[in-house]
Amino acid sequence: MITRKRAFRGALTLTVALGFAAAALPAGAVERTPTAERTPTVERTPAAEAAYARATASAPSNAAASDARLRALLHRLTTVDGAPGAFVETRDRRGSAVLTDGVADIERRTPLDPDSRFRIGSMTKTFTATALLLLVEEKRVHLDAPVERYLPGVVRGHGNDGRRITVRQLLQHTSGLPDFLDHFDPRDIVMDPLAHRDPLDLVNIALVHPPEFAPGAGWSYSNTGYLLVGMIIERVTGNTYGEEIERRVIEPLGLSETSVPGDDPTIPGPHPRGYVRPGDDAPLLDITAVNPSVGGAAGGMISSGSDVNRFLGALLGGELLHPAQLGEMMRTRPTGGSDGRRYGLGLESKPLPRGGRYWGHTGDFLGYETAAGATVDGRQATVMVNLGPGSSDAQSDDIQAAVETALSRGRSAVSAGQR
């Protein structure tokens, strides 16, 4: 799920101002930092900025310099950008390694566990798209068939018409369907974080609004489309989308730290607490316990750095999809930005600073922001911070820079934590 950070922050600010949040969250779910200790790892000072600039002033030309820049980026995330903790796991054919900075829990000041699990947000879309493409391989779904074939009568109203939208367009964000998150009040989550949210109800929030454009005429990120993809998987197979992801992706790859939690608000295994910042200079709010059904097939999964890296490596290495379907997934179109980003079917690509491209996805979910990338020659990197929404745009930029720095290093053996 991609959250709308500014809108979400504004609504959360209003929620806290009205005194709703503390009363609404279950006992133990809200942990505010004391006024005197709010965001204790944040050092938004000229000295901190200058230290980061010195560490990253010159483009690294070798692995050691890249390691130094990667460490500096992680430290920037937990100081200048204000996240409690930051984590990166890198992997290549030689092995994997983990770097962390900051804390997993602002009350107990515990460090991040190298085996941390976390909510991966919209990286779920790559798993969902893979499950759907496996159904395409079996000829149970056709990419260029209308959504109406699989979900008759579901996509209707205000100019939205499932008879004119294809499955491919849902996967590539070219359907024109409004994103339900643009019309969803985040205070509903804060006031009742454990509530189940039905995907059809979320889709209908979007369908009372007109489309962004005619199907195929543009590109606009839409979580609505991926909720519908999950519904197609369920209609075709008779199983939940989560069961299909588990059977087709998680179990074959042995991703023991990955799960599709459904309505379970907990994160199994070691994990950092997840925080939101309700407003500028506001205390952090612990929202680790939340029902992930609001993300569903668009953003509800839990994983770890090692599992995400293993998944991306297997996907690009042809272990999951036949060449024809992997080719469809990697057939991209521009998203309209100036950064060279292109989007395929649940998989995006972006240029690396020193040439070449990498493949992956970003993800936001309540309490966490993540990004992961992989190269076709076998390098992977996953980055996580335990803050969102309420972070600055700089946090997202630095997360992306950390992924790209890790992938540009050409090796994963950093001095701390090779395994």
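Small disclaimer: the values here were computed from a predicted structure and weren't measured.

Draft legend 1. Structural context of the overall build of the chain. Helix and strand content of the chain: 15 helices and 14 strands. Taking all 419 residues of the chain together, 59% fall into the buried category. Nonlocal contacts in the chain, meaning residues at least 24 apart in sequence, comprise 72% of its contacts between residues at least 6 apart.

Draft legend 2. Molecular detail of helix α5 (residues 124-137). In this model, α5 (14 residues) spans 20 Å end to end at C-alpha, consistent with the 20 Å of a helix rising 1.5 Å per residue. Judged by how many residues are buried, α5 sits mostly within the fold: 13 of 14 residues are covered. After α5 finishes, the residue K139 shows a positive phi value of roughly 60 degrees.

Draft legend 3. Here's a closer look at the nonpolar core. Judged by nonpolar contacts, the single largest core of 81 residues is most densely connected at L132, L171, L228, I245, F311 and M329. Excluding residues that lie within four positions of it along the chain, L228 makes contacts with L151, V154, V155, L170, L177 and V203. Formed by 25 residues, the second largest nonpolar core is a distinct cluster that contains L70, L74, I106 and I399.

Draft legend 4. Quick peek at the sheet that holds strand β12 (residues 357-365). Taken in spatial order, the eight strands line up as β2-β1-β14-β13-β12-β11-β10-β9 in an open sheet, and their pairing is antiparallel. Each edge of the open sheet carries a strand with a single partner, namely β2 (95-102) and β9 (333-334). Where β9 meets strand β10 (residues 342-343), two bridges bridge the pair, whose relative direction is antiparallel. Bridge pairing links P334 to R342 in β10. Set on the sheet, helix α13 (residues 305-316) makes contact with β1 (85-92), β12, β13 (368-374) and β14 (380-385); between it and β1 the angle comes to about 35 degrees.

Draft legend 5. A look at the packing of α5 against helix α10 (residues 223-237). Closest axis-to-axis distance for the α5/α10 pair is 10 Å, and the angle between their directions is 40 degrees. Taken together, the axis directions place α5 and α10 in an arrangement best described as oblique. Two packed elements cross with a definite hand, and for α5 against α10 that hand is left-handed. Listed contacts from α10 to K125, T128, A129, A131, L132 and L135 of α5 are N223, Y226, V229, I232, I233, V236 and T237. A per-class count over the contact of α5 with α10 returns nine nonpolar, three polar and one charged.

Draft legend 6. Summary view of the packing of helix α9 (residues 199-207) against α10. As a packed pair, α9 and α10 sit with axes 10 Å apart at the nearest point and diverge in direction by 145 degrees. Of the two possible hands of crossing, α9 and α10 adopt the one that is left-handed. Contacts between α9 and α10 involve P199, L200, L202, V203 and A206 from the former and T224, L227, L228 and M231 from the latter. Counted by class, the contact of α9 with α10 contains eight nonpolar, one polar and no charged residues.

Draft legend 7. Quick look at the environment of T224. Relative to the elements of secondary structure, T224 occurs in helix α10. For the pair formed by T224 and A297, sequence separation is 73 residues and the distance between their alpha carbons is 9.6 Å. Residues contacting T224, with those up to four places away along its chain left out, are P178, D179, F180, V203 and A206.

Draft legend 8. Geometry of α9. Every buried residue belonging to α9 is among L202, V203, A206 and L207, and all of these are buried. An end-on view of α9 places all buried positions within 145 degrees of arc, on one side of the element. Looking at the buried side of α9, the elements it contacts are β4 (156-157), β5 (160-161) and α10.

Draft legend 9. Structural detail: the confidence of the model for the chain. Here the chain averages 86 in pLDDT, while 83% of its residues score no lower than 70. Across residues 9-45, confidence stays below pLDDT 50; counting only partners more than four residues off in sequence or on other chains, it has 85 contacts.

Draft legend 10. Here's a closer look at the packing of aromatic side chains. What the rule picks out here adds up to five aromatic pairs. Measuring from ring centre to ring centre gives 3.8 Å for F127 and F311, while their planes differ by 15 degrees; the resulting arrangement is stacked. Residue F127 is located in helix α5, and its partner F311 is located in helix α13; the two are separated by 184 residues in the primary sequence. Of the two residues, F127 and F311, neither departs from the other in class, the shared state being buried. These aromatic residues form a ring-pair network of at least three members: W219, Y221 and Y343. Its guanidinium or amino end placed over the ring of Y226, K125 lies 5.7 Å from that ring's centre, counting from NZ or CZ.

The rules behind each value
Residues numbered from 1 in each chain as written. Predicted model: local features only at pLDDT ≥ 70, side-chain atom pairs only at ≥ 80, totals over all residues. Heavy atoms only, no water. Helix = DSSP H or I, 4+ residues; strand = E, 2+ residues; numbered from the N terminus. Buried < 20%, exposed > 50% of the residue type's maximum accessible area, 1.4 Å probe, protein only. Contact = heavy atoms within 4.5 Å. Expected span 1.5 Å × (residues − 1). Core = buried A, V, L, I, M, F, W, Y, C linked by side-chain atoms within 4.5 Å. Pairing = 2+ DSSP bridges. Axes fitted to C-alpha atoms, helices over the stretch in contact; angles between N-to-C directions. Parallel < 35°, antiparallel > 145°, perpendicular 65-115°, else oblique. Left-handed = near helix turned anticlockwise from the far one by under 90°. Nonpolar A, V, L, I, M, F, W, Y, C, P; charged D, E, K, R; others polar. Arc of directions from axis to C-beta. pLDDT = per-residue confidence, 0-100. Phe/Tyr/Trp six-rings, centres within 6.5 Å; stacked < 30°, edge-to-face > 60°. Lys NZ or Arg CZ within 6 Å of the ring centre and 35° of its normal.

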